[in-house]
Amino acid sequence: MKLETLKDLYIQELKDLYSAEKQIIKALPKMVKAATNKQLAAGFKEHFEQTKEHATRLEKILTSHDESTRGMEGVIKEGDEMIEEDAEDEVRDAGLIAAAQRVEHYEMAGYGCARTYAELLEDRHGAQLLQTTLTEESDTDKKLTKLAKSVINVAAK
């Protein structure tokens, strides 16, 4: 797809985000199993449910523009590698948080850009859905930071 307009860029960003969300949906159950800290596992389970809704929102926006979904891989791979790492439980949990936060930051950047494009293109409904997801991604990142600072990283020390 040749990018000729802001709308082209917007659609490409939405498709990239959709691809990322679908990969995260596959990765999170593995992260739940790998996490030994119950709070961390519960947080991953909660975000799994949110992530399914994020993908649904993106599908709605893309459909409203008569677009299909398509396709992020490197960031997700880090989480998979951490799951397989030969590490002490507490250290693996700290690594899982780091991998999850890299994904959250990638998503926050993408959702922020897509929301701004939607606003400029006067796609108010799309902008609203993207902002809702951006807020949820930011909240997840804050929860992970709090858990890391108060429990996980301390235990790994």
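A few points on the structure. Fair warning: this is a prediction, and the values are worked out from it, not measured in the lab.

Criteria and cut-off values
- Residues numbered from 1 in each chain as written.
- Predicted model: local features only at pLDDT ≥ 70, side-chain atom pairs only at ≥ 80, totals over all residues.
- Heavy atoms only, no water.
- Helix = DSSP H or I, 4+ residues; strand = E, 2+ residues; numbered from the N terminus.
- Rg over C-alpha atoms; globule rule 2.2 N^0.38 Å.
- Buried < 20%, exposed > 50% of the residue type's maximum accessible area, 1.4 Å probe, protein only.
- Lys, Arg positive; Asp, Glu negative; His and termini not counted.
- Charge placed at Lys NZ, Arg CZ, Asp CG, Glu CD.
- Salt bridge = Lys/Arg side-chain N within 4 Å of Asp/Glu carboxyl O.

1. Let's talk about the overall build of the protein chain
Here's step 1: Along the protein chain, the regular secondary structure elements total five helices and zero strands.
Here's step 2: When its helices and strands are written in sequence order, the protein chain yields α-α-α-α-α.
Here's step 3: On C-alpha atoms alone, the protein chain measures out to a radius of gyration of 16 Å, which is about the 15 Å that the 2.2 N^0.38 rule sets for 157 residues.
Here's step 4: Overall, the C-alpha framework of the protein chain stretches about 50 × 25 × 20 Å when taken along its three principal axes.
Here's step 5: Per-residue burial for the protein chain yields a buried fraction of 49% across its 157 residues.
Here's step 6: Averaging the positions of the 23 positive and the 31 negative side-chain charges in the protein chain gives two centres separated by 3 Å.

2. With respect to the pattern of salt bridges
Here's step 1: In total, this model carries seven salt bridges according to the counting rule given.
Here's step 2: Notably, a salt bridge pairs Glu 46 with Lys 143, separated by 2.9 Å at the nearest N-O pair.
Here's step 3: For Lys 143, a relative accessible area of 47% translates into the label partly exposed.

3. A short note on the environment of Gln 131
Here's step 1: With respect to the element layout, Gln 131 can be found in helix α5 (residues 124-156).
Here's step 2: Between the C-alpha atoms of Gln 131 and Ala 114, which are 17 residues apart in sequence, the distance is 9.2 Å.

4. So, unusual backbone geometry
Here's step 1: Phi is positive for Asp 66, close to 55 degrees, though the residue is something other than glycine.
Here's step 2: One can find Asp 66 in the loop between α2 (38-64) and α3 (74-84).
Here's step 3: In the Ramachandran plot, Glu 122 falls in the positive-phi region, its phi being about 60 degrees despite a non-glycine side chain.
Here's step 4: Classification of Glu 122 by relative accessible area gives exposed; the value is 59%.

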